Amino acid sequence: MSEHTMSTRSLLVELQTEELPPKALEKMGVAFADGIAKVLRERHLLADNSQVTEYATPRRLAVHITDVAQQAADQAFSEKLMPTKVGIDAQGSMTVPLQKRLEGKGLGHLSVADLEIKSDGKQDYLYANGMATGAYLTDVINEAIDYAVTHLPIPKVMRYQLNDGITSVRFVRPAHGLIVLWGDVVLPAQTLGLESGRQTLGHRFMADAPLTIRSADSYVEQLEQDGWVVPSFAKRREQIRQQLEAACRHYHASLGNDPEVPALLEEVTALVEHPTVYKGEFDPIFLEVPSECLILTMRLNQRYFPLFNPDTQALTHQFLIVSNMQVEDPTHIIEGNQRVILPRLADARFFFDTDRKQRLADRLPSLDNSVYHNKLGSQRVRVERLRRLATYLADQLGADRNVADRAALLAKADLNTLMVGEFPELQGIMGAYYAEADGEDAAVVNALKHQYEHRIQQAVTPDSLIATLLFLAERAETLVGIWGIGLAPTGERDPYALRRAALGLISAFEQLNQGGYFATHSLDLRQLLEYSAAGFEPGVLADNTVDEVMSFIYERYRNQLVQQADRKVVEAVLALRPPLQQVQARVHACIAFAQRPEAESLAAANKRVSNLLQRHTEPIPPLNPQLLHEPAEQVLAQQLNQLAPVAQQQFNDGDFTASLATLAAAKDPVDQFFNDVMVMAEDPAVRNNRLALLKQLHQAMNQVADLSLLA
């Protein structure tokens, strides 16, 4: 191969489009770059040290790759053809099927002597070996672009017509330009009805004219300096972050610390090509409206960053605007944004004032006309199920059942308010505001406010107990009802958020335990689900609903726990389906046990015992000490008599680590038993007695977890 064909240069591919979906932009930029690099790498056109850099702005996807070869080096190949007995006849000549196979692969010039015979262990096969001419970049680039375009994580595809008025194509947005540069050379390529060139668009308002890109390596500099576009998503995001932080320092303010802030930063990065931050304000009188309403309308509708008092975290009447324009006098930009936000704030105030004119409890009749699900009745019917569950839970956990009932009664009363109609994200939160204005119990207000949170994050206290009961009732009713009518999650689809509901329910059990409630009260998951199922009309739910929901909850717990602990340990604990509130402690106990020197031997013995007991299907009579003849079985029985009661008491006290540590002392007698004693003796009485001894051992060892799964 000549030195010329071995030369490498940087490659630039840019696809210019109309405004791309902001929430998918960063992923699309990465996928576009990875797709092109993947094909070029598979064709050996990239050097080992090639650097792939993705670019994504609202109106373009691009990739810059260093050290891209004009032609790949020749590649050795070994092509499996067909069985030897099919390809070569008795005279040693090539058969017609082999000739056709070779011609189809462009290897028609090969003879039988050129082929290799190798066995795959079953029969001999013919192989064609040789050197294939390295791929040319000009032949591969279109394939790479097509692959990248068709493998983008596009949320929704649209069909549009090309300029010829006849042809239509499918893509996320209409595409208007394509650049393919290898160094300073335009490579011929086509996609989405576009021919490659070297011209791109700069900023929609600040750039004077289209840009002609000189070379792949000048792309970023030309766009930034002449086109007023920052093509790198990561660089734009960092510029915005720094400007926001500088503005906060200047105005002695804070952006807040909730998860919506970084999410909004990602979104505005995808909306601008040249970011500049300005400060806007609104009339402080609007601060009389609940801050959640104002924050939501600023972030969701306008993509503004509300500013907070850094000391009190109270919302202020100021906000930051991420503009796509950099101007010397931003007055018109700021005033324009302030005018835009004013009607939305006024709407929020009107909704709030109007909603408060009617008591929350008086809104309950309107829930009769709100369908929860056509198979599960109205929201009013659902409220009655929640009331039933909430009072049941109050009885189980020692709470005031009247307060719990009131919280459940009002739980959905805000669904038909003007504010929740405009901002569904505020359901529950607005109910809490209206309940507080009505003079409802503080525990009821707190329960309404927190009912839609994903998880309970802190140990339950008397002040948060009613909120926890409503939280539990909501999730138990949702899981049983939605699952029971055949709407279980499938694959990635979970429209009723049952996975989240299961994890939320688990968190409630965990935090009730942290709050000490299970020291004096009990709550059984199966009984809770069965009680929930009994609240639905007969025949509505599938017969096996409770069993399936139980399995689903423990499966979600398993998926959560394996992120934190060894899978074997998690499987060993969950195999027993222990009370949810004990799972974490049992996992920690098993982790400690697995680190003991006795663990491996006891786990193996436990597995052996499990197998013996499973194979013996007949009833095993109680242990008869008189039939223990061998010294090893006598010692094991004596050791069990000493250790089992102690371990049992420790287990009952919830000290699972100590319980397993106590039983670890049985390691030597267990090992000696299996060395010296034939369990399956010929005498049925002796055999059953030894199985009875092993059954006692198995019961004692497997209260915390199924230790055989640690083997």
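Please read all numbers here as calculations on a predicted model, not as lab measurements.

1. Describing helix H18 (residues 545–561)
Item 1. With 17 residues, H18 extends 24 Å from end C-alpha to end C-alpha; this agrees with the ideal 24 Å at 1.5 Å per step.
Item 2. With respect to burial, H18 is a largely interior element, 12 of its 17 residues being buried.
Item 3. Those residues of H18 that sit buried are Thr 545, Val 546, Val 549, Met 550, Phe 552, Ile 553, Tyr 554, Arg 556, Tyr 557, Arg 558, Gln 560 and Leu 561.
Item 4. Tucked inside the fold, the buried residues of H18 contact helix H15 (465–484), helix H16 (498–514), helix H17 (525–533), helix H19 (567–574) and helix H20 (583–594).

2. Considering the sheet that holds strand S6 (residues 124–132)
Item 1. Here we have three strands laid out as an open sheet, ordered S4-S6-S5, and antiparallel in their pairing. Both edges of this open sheet fall to strand S4 (75–83) and strand S5 (115–119), since each of them pairs with a single strand only. Taken over all neighbouring pairs, the strand axes of this sheet differ in orientation by 35 degrees on average, direction set aside.
Item 2. By the bridge criterion, seven bridges tie S4 to S6 in an arrangement that is antiparallel. When the sheet's bridge partners are listed, Lys 80 is paired in S6 with Tyr 127.
Item 3. Sheet strands in contact with helix H3 (residues 96–104) are S4, S5 and S6, and its direction is about 150 degrees off that of S4.

3. Here's the deal with unusual backbone geometry
Item 1. The backbone phi angle of Trp 228 is positive, close to 55 degrees, even though this residue is not glycine.
Item 2. Summarising the element assignment, Trp 228 is placed in the loop between helix H5 (219–225) and helix H6 (233–251).
Item 3. With phi around 50 degrees, Arg 577 is a residue other than glycine that occupies positive phi space.
Item 4. Residue placement: Arg 577 occurs in the loop between H19 and H20.
Item 5. Accessibility expressed as a relative area gives 36% for Arg 577, which makes it partly exposed.

4. Re empty space enclosed by the protein
Gaps left between atoms show up when a probe the size of a water molecule is rolled over them.
Item 1. Using the criterion set out here, one finds one cavity of 30 Å³ or more in the structure.
Item 2. In this model, the largest cavity occupies a volume close to 50 Å³.
Item 3. Lining the largest cavity we find Leu 602, Ala 605, Asn 606, Val 609, Val 670, Leu 697, His 698 and Met 701.
Item 4. Mapped onto the lining of the largest cavity, the elements with two or more residues apiece are helix H21 (599–615) and helix H25 (684–701).
Item 5. Residues that form the lining of the largest cavity fall into these classes: six nonpolar, two polar and no charged.

5. Observations regarding the environment of Asp 355
Item 1. Structurally, the position occupied by Asp 355 is in helix H9 (residues 331–355).
Item 2. Considering only alpha carbons, one finds Asp 355 and Met 430, 75 residues apart in sequence, at a separation of 9.6 Å.
Item 3. Excluding residues within four positions of it along the chain, Asp 355 makes contact with Arg 363, Thr 417, Leu 418, Met 419 and Tyr 434.
Item 4. Among the polar contacts made by the side chain of Asp 355, one reaches the main-chain amide nitrogen of Met 419 at a distance of 3.0 Å.

6. Structural notes on the sheet that holds strand S17 (residues 315–323)
Item 1. One open sheet accounts for three strands, arranged S15-S17-S16; its pairing is antiparallel. Here the strands that pair on one side only, and so sit at the sheet edges, are strand S15 (276–281) and strand S16 (305–308). Put simply, the sheet's adjacent strands are angled 35 degrees from each other on average, direction ignored.
Item 2. The pairing of S15 with S17 spans six bridges and is antiparallel. Among the inter-strand pairings, Gly 280 is bridged to a residue of S17, identified as Phe 319.
Item 3. Across the face of the sheet, H6 comes into contact with S15, S16 and S17 while running at roughly 40 degrees to S15.

7. A word on the nonpolar core
Item 1. Membership of the largest hydrophobic core comes to 145 residues, with the highest contact counts inside it found for Met 419 and Ile 553.
Item 2. Element by element, the count of residues in this core is highest for H15, at 13 residues.
Item 3. Residue contacts for Met 419: discarding those within four places in its chain leaves Val 289, Cys 293, Ala 348, Phe 351, Phe 352, Asp 355, Leu 426, Met 430 and Tyr 434.
Item 4. Counting 46 residues, the second-largest nonpolar core is a separate cluster that includes Phe 32, Ala 33, Ala 148 and Ala 270.

8. Topic: the pairing of S16
Item 1. Residues Phe 305 and Leu 307 line one face of S16 and the alternating positions Pro 306 and Phe 308 line the opposite face, and both faces are buried.
Item 2. The pairing of S16 with S17 spans three bridges and is classified as antiparallel. Bridging from a neighbouring strand, Pro 306 pairs with Phe 319 of S17.
Item 3. In this antiparallel pair of consecutive strands, S16 and S17, the connection spans six residues, and Gln 313 shows a positive phi of 60 degrees.

9. Details of the layout of surface pockets
Item 1. A volume near 1900 Å³ is recorded for the largest pocket.
Item 2. As for the largest pocket, its lining consists of 47 residues, of which Glu 260, Glu 425, Ile 429, Tyr 452 and His 454 are closest to the centre.
Item 3. For the lining of the largest pocket, the secondary structure elements donating two or more residues are helix H7 (260–269), helix H8 (291–302), helix H10 (379–397), helix H14 (442–450), H15 and H16.
Item 4. Broken down by element, the lining of the largest pocket gets its largest block of residues, six residues, from H8.
Item 5. For the lining of the largest pocket, the residue count by class is 19 nonpolar, 12 polar and 16 charged.
Item 6. Residue lining of the second largest pocket: 14 residues in total, with His 450, Glu 453, Ile 456, Gln 457 and Ser 464 positioned closest to the centre.
Item 7. Within the residue set of the lining of the second largest pocket, elements represented by two or more residues are H14 and H15.
Item 8. A total of three residues in the lining of the second largest pocket trace back to one element, the largest contributor, which is H15.
Item 9. Tallied by class, residues from the lining of the second largest pocket come to five nonpolar, seven polar and two charged.

10. Section: the confidence of the model for the protein chain
Item 1. Summary statistics for the protein chain give a mean pLDDT of 92 and a share of 99% for residues scoring 70 or more.
Item 2. Within the protein chain, S4 has the poorest average pLDDT of any element, 81, and helix H11 (residues 401–410) the best, 98.
Item 3. Throughout residues 1–5 the model reports pLDDT below 50, and contacts reaching past four residues in sequence, or to other chains, amount to eight contacts.

11. Section: the environment of Leu 602
Item 1. By secondary structure assignment, the location of Leu 602 is in helix H21.
Item 2. Through-space distance from the C-alpha of Leu 602 to that of Ala 132 is 59 Å; in sequence the pair is 470 residues apart.
Item 3. What Leu 602 contacts, discounting residues up to four positions off in sequence, is Phe 593, Leu 663, Ala 664, Ala 666, Lys 667, Val 670 and Met 701.

12. Concerning the packing of aromatic side chains
Item 1. What the rule picks out here adds up to 10 aromatic pairs.
Item 2. With a centroid separation of 6.5 Å and an interplanar angle of 15 degrees, the aromatic rings of Phe 282 and Phe 319 are classed as stacked. With Phe 282 in the loop between S15 and H8 and Phe 319 in strand S17, the pair connects residues that are 37 residues apart, well separated along the chain.
Item 3. Both rings, one in Trp 483 and one in Phe 552, keep their centres 4.9 Å apart while their planes meet at 50 degrees; by these two values the pair is tilted. One end of the pair, Trp 483, is in helix H15; the other, Phe 552, is in helix H18, with 69 residues separating them in the sequence. For the pair Trp 483 and Phe 552, one class covers both residues: buried.
Item 4. Taken together, the ring pairs in this structure connect Phe 282, Tyr 304 and Phe 319 into an aromatic cluster.
Item 5. Lys 80 extends its terminal NZ or CZ atom over the ring of Tyr 125, reaching a point 4.0 Å from the ring centre.
Item 6. The residue whose ring lies beneath Lys 279 is Tyr 251, and the NZ or CZ to ring-centre distance is 5.0 Å.

13. Side note on the packing of H15 against H18
Item 1. The interhelical angle for the contact between H15 and H18, taken along N-to-C directions, is 120 degrees, at an axis separation of 10 Å. As the angle between them shows, H15 and H18 are arranged oblique. Viewed along their axes, H15 and H18 form a crossing whose handedness is right-handed. Two secondary-structure elements touch here, H15 through Leu 479, Val 480, Trp 483 and Gly 484 and H18 through Thr 545, Glu 548, Val 549, Phe 552 and Ile 553.

The rules behind each value
Counting restarts for each chain, with residues numbered from 1 along the sequence as it is written. Reporting in this predicted model follows two pLDDT cut-offs: at least 70 for local features of residues, and 80 or more for side-chain atom pairs to be given and counted; totals over whole chains, interfaces and linings ignore these cut-offs and use all residues. Excluded from the side-chain calculation are hydrogens and water; included are all heavy atoms of the structure. Per the convention used, a helix needs a DSSP run of H or I reaching at least four residues, while a strand needs a run of E reaching at least two, with both numbered from the N terminus. Helix span is expected to be 1.5 Å times the residue number reduced by one. Type-normalised accessible area, obtained with a 1.4 Å probe on protein chains alone, sets the label of each residue: buried when under 20%, exposed when over 50%, and partly exposed for intermediate values. Whether two residues touch is decided by their heavy atoms; if any such pair falls within 4.5 Å, the residues are in contact. A pair of strands counts as paired when DSSP detects no fewer than two bridges linking them. Every axis in this analysis is a line fitted to C-alpha atoms, fitted for helices over the stretch in contact. Angles between the N-to-C directions lie between 0 and 180 degrees. Residues are called lining when one of their atoms sits within 4 Å of a cavity or pocket point, these points coming from a 1 Å grid over the protein atoms alone, where a cavity is a set in which a 1.4 Å probe fits but cannot get out and a pocket is an open set with protein on both sides within 12 Å along at least five of seven lines. Grid points are joined across faces, edges and corners, and a volume is the space filled by probe spheres set on the points. Each residue is assigned to one class: nonpolar for Ala, Val, Leu, Ile, Met, Phe, Trp, Tyr, Cys and Pro, charged for Asp, Glu, Lys and Arg, and polar for all the others, Gly among them. Throughout this description, a polar contact denotes any pair of N or O atoms lying within 3.5 Å of each other; where both atoms belong to protein, one of them has to be capable of donating a hydrogen while the other can accept it, and for residues adjacent in sequence the pair is counted only when both atoms sit in side chains. Definition of nonpolar core: a set of buried residues of the types Ala, Val, Leu, Ile, Met, Phe, Trp, Tyr and Cys, connected through side-chain atoms within 4.5 Å. What pLDDT expresses is the predictor's confidence in each residue, scored from 0 to 100. We call Phe, Tyr and Trp rings a pair once their centres come within 6.5 Å, taking the six-membered ring for Trp, and we label the pair stacked below 30 degrees between planes, edge-to-face above 60, and tilted otherwise. Charges are assigned to positions over rings by a cutoff of 6 Å between ring centre and Lys NZ or Arg CZ, combined with an angular limit of 35 degrees from the ring normal. Orientation is classified from the angle alone, with under 35 degrees giving roughly parallel, over 145 giving roughly antiparallel, 65 to 115 giving roughly perpendicular, and any other angle giving oblique. In a left-handed crossing the near helix is turned counterclockwise from the far helix by less than a right angle, and in a right-handed crossing that turn is clockwise.

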